[in-house]
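Per-entry structural report
Here is what each chain is made of, one letter per residue.
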Amino acid sequence: MPVKTLYYKNSDLTIVWKPEQCKHSALCWKGLHNVFDPARHPWINPDAAETSAIVEQIKKCPSGALSYVMNSHGNLQDEQS
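Let me begin by describing the structure that accompanies this report. Since we're looking at a predicted model, the values are computed, not measured.

Moving on: the nonpolar core. Of all hydrophobic cores here, the largest spans 17 residues; its most connected members are Ile15, Phe36, Ile44 and Leu66. Breaking this core down by element, the ones donating at least two residues are strand S2 (13–17), helix H2 (51–58) and strand S3 (66–70).

Below, the structure written as structure tokens:
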């Protein structure tokens, strides 16, 4: 069965979320609630913070369910750099 992957894009980056991989540690929304809000639909708003803040928060995801790609790279591959 293919893994479900969702994408949330702003002008700088695309946030990649794999819900089946998520361990619900809540680090994302506790650290950057204006971007990651599980009470909102969609729950990720990539326009709600600076790109650098979003990248730093994604890097804290312990399960790897959240990743990102910089849109300037031209292809959509998960980055965890």
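Once that is clear, we can look at the packing of aromatic side chains. Counted according to the given criterion, the structure contains two aromatic pairs. A ring pair is formed by Trp17 and Trp43, whose centres lie 4.9 Å apart and whose planes are at 65 degrees; its orientation type is edge-to-face. Taken as a pair, Trp17 in strand S2 and Trp43 in the loop between helix H1 (27–31) and H2 lie far apart in primary sequence, 26 residues in all. Relative to Trp43, the ring of Phe36 lies with its centre 5.7 Å away and its plane at 50 degrees, an arrangement referred to as tilted. Here the aromatic residues Trp17, Phe36 and Trp43 are joined through ring pairs into a cluster of three or more.

Counting buried positions over the five residues of S3 gives four, a clear majority of the element. Sheet topology places S2 next to S3; five bridges connect them, and they run antiparallel. Each bridged residue has a counterpart across the sheet, and for Trp17 the counterpart in S3 is Leu66.

The next thing to look at is the pattern of salt bridges. Evaluation of the coordinates by the stated rule reveals two salt bridges. The shortest N-O distance in the salt bridge between Arg40 and Asp37 comes to 3.8 Å. You can call Arg40 partly exposed: its relative accessible area is 28%. Ionic pairing is found between Lys59 and Glu56, a salt bridge with its closest N-O pair at 3.6 Å. With a relative accessible area of 42%, Glu56 lands in the partly exposed category.

Scoring rules and cut-offs
Residues numbered from 1 in each chain as written. Predicted model: local features only at pLDDT ≥ 70, side-chain atom pairs only at ≥ 80, totals over all residues. Heavy atoms only, no water. Core = buried A, V, L, I, M, F, W, Y, C linked by side-chain atoms within 4.5 Å. Buried < 20%, exposed > 50% of the residue type's maximum accessible area, 1.4 Å probe, protein only. Helix = DSSP H or I, 4+ residues; strand = E, 2+ residues; numbered from the N terminus. Phe/Tyr/Trp six-rings, centres within 6.5 Å; stacked < 30°, edge-to-face > 60°. Pairing = 2+ DSSP bridges. Salt bridge = Lys/Arg side-chain N within 4 Å of Asp/Glu carboxyl O.

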